[in-house]
Amino acid sequence: MTAEPLSANWPIGVFDSGVGGLSILSALQTQLPDETFLYLADSAFAPYGERDEEFVLQRSLAALHILNEQHPIKALVIACNTATALAIHVLRQQHPDLPIFGVEPAVKPAAAQSRTQRVGVIATAGTLGSQKFADLLSGLGTDTKVITQACDGLAEAIEQQWQQPHNPAVRGLCETYLGRMGRFGSGPGELDTLVLGCTHYPFAKKELLAVTGPHVQLFETGAPVARRVQQILLERQLLSQGTVGKLSLMATGETQNLQQAAKHWLSMQTQVLSV
Ligand code: DGL
């Protein structure tokens, strides 16, 4: 990594195992329209969610390296709950001067909102099994019951979703996993909030709400993370000045999912570079 001081004109790097991080990128672009973003989908090594800690750590280090090779970056957003849970502490240790932001399941705001005091959290096995998630739960300090469910295969199904709108695989997995968590609704003992603890899941909102019913409140993390990035870049005088925001999309493996997902979900017609 470069020893040069960070420059406000450099881009912000963003990565995920695949298309899920677009849900975070979209919030970042809304909050920071003048910034340039480099987005990397580590598609050759996706999914991360059912891999071990060492694998996710090595891929996260590689992702930062690949982004920096394209152009030095002034900040990194790990747009992946699994990589945040398993790797952010090492990335921060190794790159102490680079502002590094992660995402974590929005359990606290969901617990504060829940009237039935029953919060559901869906995420990958890697996120839910991590020490970071255990610490998040033990720091909650509330009587609210948190019901967690790992959704193996759901991120992968969402990754392919653009190929077949209303993909029955996504709907089927949502039914199976949510069905294991208990009853959703606003009555006593029912789950009235659902935390989307994987950045892919906002792209299955329709399918999730079809199972929970429309009144269950879904929690995601894009907007709060984007506000935090803005605040820290402002404090460090790293916000870009008077430039027009640009976007580069890259993928380590196949590029079609990202290309189509960006077009389908974010109306972006950007060509994906294979890296
Ligand atoms: N989007 C990632 C997350 O937020 C994980 C998806 C995967 O690769 O399993 O956890």
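Residues numbered from 1 in each chain as written. Predicted model: local features only at pLDDT ≥ 70, side-chain atom pairs only at ≥ 80, totals over all residues. Heavy atoms only, no water.

Chemist: When you look at the overall build of the chain in this model, what are you seeing that I'm missing?
Modeler: Within the chain, the secondary structure is distributed over eleven helices and ten strands. Compactness check: the chain gives a C-alpha radius of gyration of 18 Å against a globular reference of 19 Å for 275 residues, within 12% of the reference. The buried share of the chain, taken over its 275 residues, is 55%. Taking the contacts inside the chain whose residues are at least 6 apart along the sequence as the reference set, 75% of them involve residues at least 24 apart. In the form shown here, the chain has an accessible surface area of approximately 12100 Å², with 48% of it arising from carbon and sulfur atoms. With 19 positive and 24 negative side-chain charges, the chain shows a spacing of 7 Å between the two charge centroids. (Helix = DSSP H or I, 4+ residues; strand = E, 2+ residues; numbered from the N terminus. Rg over C-alpha atoms; globule rule 2.2 N^0.38 Å. Buried < 20%, exposed > 50% of the residue type's maximum accessible area, 1.4 Å probe, protein only. Contact = heavy atoms within 4.5 Å. Areas by Shrake-Rupley, 256 points an atom, 1.4 Å probe, with all protein chains shown as cover. Lys, Arg positive; Asp, Glu negative; His and termini not counted. Charge placed at Lys NZ, Arg CZ, Asp CG, Glu CD.)

Chemist: Help me understand helix H1 (residues 22-31) in this model?
Modeler: One turn of an α-helix holds 3.6 residues; hence residues three or four places apart share an orientation. The complete set of buried residues in H1 reads Leu22, Ser23, Ile24, Leu25, Ala27 and Leu28. In this structure, the buried side of H1 is in contact with strand S1 (12-16), strand S2 (37-41), strand S3 (75-78), helix H10 (222-235), strand S9 (247-251) and helix H11 (256-266).

Chemist: How should I be thinking about the pairing of strand S7 (residues 193-196) in this particular structure?
Modeler: Two faces make up the sheet, and in a regular strand the side chains alternate between them. Residues Thr193 and Val195 of S7 are buried on one face, and the alternating residues Leu194 and Leu196, pointing to the opposite face, are buried as well. As paired elements, strand S5 (residues 118-123) and S7 share four bridges and run parallel to each other. Counterpart to Ile122 in the pairing with S7 is Leu196. (Pairing = 2+ DSSP bridges.)

Chemist: Is there a simple way to explain the packing of helix H2 (residues 53-70) against helix H3 (residues 81-94) in this structure?
Modeler: Two quantities define a packed helix pair, namely the angle between the helix axes and the distance between the axes. Viewed as axis vectors pointing N to C, H2 and H3 meet at an angle of 55 degrees, and their least axial separation amounts to 9 Å. One finds that H2 runs oblique with respect to H3. Our pair here, H2 against H3, has a crossing hand that is right-handed. Facing H2, whose interface residues are Glu53, Val56, Leu57, Ser60, Leu61 and Leu64, H3 presents Thr82, Ala83, Leu86, Ala87, Val90, Leu91 and Gln94. Of the residues assigned to the contact of H2 with H3, the class counts are nine nonpolar, three polar and one charged. (Axes fitted to C-alpha atoms, helices over the stretch in contact; angles between N-to-C directions. Parallel < 35°, antiparallel > 145°, perpendicular 65-115°, else oblique. Left-handed = near helix turned anticlockwise from the far one by under 90°. Nonpolar A, V, L, I, M, F, W, Y, C, P; charged D, E, K, R; others polar.)

Chemist: I tried to follow the side chain of Ser23 on my own but got confused; where do I start?
Modeler: With respect to the secondary-structure elements, Ser23 resides in helix H1. A distance of 2.8 Å separates a polar atom in the side chain of Ser23 from the backbone oxygen of Thr199. Setting aside residues up to four positions removed in sequence, Ser23 forms contacts with Thr199, Pro202, Phe203 and Gly222. (Polar contact = N/O pair within 3.5 Å; in protein donor to acceptor, adjacent residues only side chain to side chain.)

Chemist: Would you mind showing me how to read the layout of surface pockets here?
Modeler: Taking a probe equal in size to a water molecule and rolling it over the atoms shows the remaining empty space. The calculated volume of the largest pocket comes to roughly 500 Å³. Around the largest pocket, the lining comprises 25 residues; the ones closest to its centre are Gly102, Val103, Glu104, Val225 and Arg228. Among the secondary structure elements, those contributing two or more residues to the lining of the largest pocket are H3, strand S4 (100-101), helix H4 (107-113), helix H6 (131-138) and H10. Across the lining of the largest pocket, the residue classes break down as 15 nonpolar, four polar and six charged. (1 Å grid on protein atoms, 1.4 Å probe; cavity = no way out; pocket = protein on both sides within 12 Å on 5 of 7 lines; lining within 4 Å. Points joined across faces, edges and corners; volume = space filled by probe spheres on them.)

Chemist: It is not clear to me how the sheet that holds strand S8 (residues 217-219) should be interpreted in this structure. Could you clarify?
Modeler: Strand pairing in a sheet is mediated by backbone hydrogen bonds. Such pairs are either parallel or antiparallel. Read across the sheet, four strands follow the order S6-S5-S7-S8 without closing on themselves; strand pairing throughout is parallel. Of all strands in the sheet, those bounded by a partner on one side alone are strand S6 (145-150) and S8. Geometrically, the sheet is characterised by an average inter-axis angle of 25 degrees between neighbouring strands, direction not taken into account. Bridge analysis of S5 against S6 gives six bridges, and the strand direction is parallel. Following the sheet pairing, Arg118 is matched in S6 by Lys145.

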